[in-house]
Amino acid sequence: MTEVNRHFPNLFHSENVIKGELDFSAKYKLSNSKHNRFWSIVPCSSGRDCIQDVYEIEIRLDELRHGRPKVFEIGGRIKRLAKELNLPIIDLHLFPDDEDCCLGIFLPNSNETLSGFVLRKVYPYFVWHAYYSKHRKVPPIGEWSHGARGQYEFDRHIRNIGRNQPCPCGSGRKFKTCCGNYARMIAS
């Protein structure tokens, strides 16, 4: 948790729960690699594209969805936004059954740490929401459909990732040394 606390000092870990304020200043940045362009989330301090926000969250380590801890936005902001826009909460990536956060598609990654989960799944999820709340549109990084269709879209996407490009799981490693095995598996 020390890496998480360095980025988010207002999150506190006690027994089976991490809770508190996830506060950030971030923006989406378009980067170029040798073979492709990709979006990433980077820190910022000000500017038109800078998103500064705070969410009250709770991560329940003993409650799992798809083998990962359930994450809840406990301030009610996402549900209020869905009501304001007359959208079902699933369209803003909250599961209707428990109202926990739909954090995206998970690649099989047996080495995922709790810090990695917070920094690569939880944080980008709330940056996405802050952007959507501010601009009333999907961020440039986009989103996947729900359920099997989203998995199909994602699987098609990763088949086109170059071996030396950053892995889409957010590990910071090259695709070939991270989730490239998953792409090879679904291709066969």
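Here's a quick rundown of the structure. (Residues numbered from 1 in each chain as written. Predicted model: local features only at pLDDT ≥ 70, side-chain atom pairs only at ≥ 80, totals over all residues. Heavy atoms only, no water.)

1. Some remarks on the packing of aromatic side chains
Applying the stated criterion across every chain yields a total of seven aromatic pairs. Where Phe24 meets Tyr123, the ring centres are 5.9 Å apart and the plane angle is 80 degrees; that geometry is what we call edge-to-face. Remark: Tyr123 occurs in helix α3 (residues 114-135) and Phe24 occurs in strand β2 (residues 17-32); sequence separation between them is 99 residues. Taking relative accessible area as the criterion, Phe24 reaches 7% and is therefore assigned buried. By relative accessible area, which is 13% here, Tyr123 ends up buried. Taken together, the ring pairs connect Phe8, Phe24, Tyr55, Tyr123, Tyr125 and Phe126 into an aromatic cluster. Above the face of the Tyr55 ring, Arg77 is positioned so that its terminal group lies 4.0 Å from the ring centre. (Phe/Tyr/Trp six-rings, centres within 6.5 Å; stacked < 30°, edge-to-face > 60°. Helix = DSSP H or I, 4+ residues; strand = E, 2+ residues; numbered from the N terminus. Buried < 20%, exposed > 50% of the residue type's maximum accessible area, 1.4 Å probe, protein only. Lys NZ or Arg CZ within 6 Å of the ring centre and 35° of its normal.)

2. Remarks on the pattern of salt bridges
Using the criterion set out here, one finds eleven salt bridges in the structure. Taking the shortest distance from any N to any O, the salt bridge between Asp97 and Arg65 comes out at 2.7 Å. With Asp97 in the loop between α2 (77-84) and α3 and Arg65 in strand β4 (residues 51-65), the pair connects residues that are 32 residues apart, well separated along the chain. For Arg65, a relative accessible area of 18% corresponds to the buried category. One salt bridge connects Arg136 with Glu84, and the closest N-O pair in it is separated by 2.4 Å. (Salt bridge = Lys/Arg side-chain N within 4 Å of Asp/Glu carboxyl O.)

3. Details of the layout of surface pockets
As a volume, the second largest pocket reaches approximately 150 Å³. Lining the second largest pocket are Lys27, Tyr28, Trp39, Arg48, Asp49, Tyr131, His135, Lys137 and Pro140. Of the residues contributing to the lining of the second largest pocket, the split by class is four nonpolar, one polar and four charged. (1 Å grid on protein atoms, 1.4 Å probe; cavity = no way out; pocket = protein on both sides within 12 Å on 5 of 7 lines; lining within 4 Å. Points joined across faces, edges and corners; volume = space filled by probe spheres on them. Nonpolar A, V, L, I, M, F, W, Y, C, P; charged D, E, K, R; others polar.)

4. What about a nonpolar patch on the surface?
On the surface, a nonpolar cluster with roughly 240 Å² of combined accessible area is contributed by Leu30, Trp39 and Ile141. When you line up the elements, Trp39 lands in strand β3 (residues 37-43). (Patch = residues over 30% accessible without salt bridge, like charges linked within 9 Å, V, L, I, M, F, W, Y side chains within 5 Å. Areas by Shrake-Rupley, 256 points an atom, 1.4 Å probe, with all protein chains shown as cover.)

5. Quick notes on unusual backbone geometry
A positive phi angle, near 50 degrees, is found at Glu15, a position not held by glycine. Within the element layout of this structure, Glu15 appears in the loop between β1 (11-14) and β2. Taking the relative accessible area as the measure of exposure, Glu15 reaches 76% and is therefore exposed. Non-glycine residue Arg136 carries a positive phi angle of around 60 degrees.

6. What about the nonpolar core?
By size, the foremost hydrophobic cluster in this structure holds 33 residues, and its most contacted members are Phe8, Phe24, Ile57, Ile59, Val71, Val122 and Phe126. Here this core takes twelve residues from α3, the largest share from any one element. When near neighbours in sequence (up to four residues on either side) are disregarded, Ile59 contacts Asn16, Val17, Ile18, Pro69, Lys70, Val71, Phe117, Val118 and Val122. (Core = buried A, V, L, I, M, F, W, Y, C linked by side-chain atoms within 4.5 Å. Contact = heavy atoms within 4.5 Å.)

7. Things to note about the pairing of strand β5 (residues 68-73)
Along β5, six of the six residues are buried, which leaves the element largely enclosed by surrounding structure. Once β4 ends, the chain turns through two residues before running back antiparallel as β5, passing His66 with a positive phi of about 55 degrees. (Pairing = 2+ DSSP bridges.)

8. Notes on α3
With 22 residues, α3 should reach 32 Å at 1.5 Å per residue; the first-to-last C-alpha distance of 30 Å fits that figure. Its maximal kink placed at Val122, α3 deviates by approximately 25 degrees, while the proline Pro124 follows within four residues. Among the 22 residues that make up α3, 16 are buried, leaving the element largely enclosed by the rest of the structure. Looking one or two places after α3, you find Arg136, whose phi comes out positive at around 60 degrees. (Expected span 1.5 Å × (residues − 1). Bend = angle between axes of the 7 residues up to and from the residue.)

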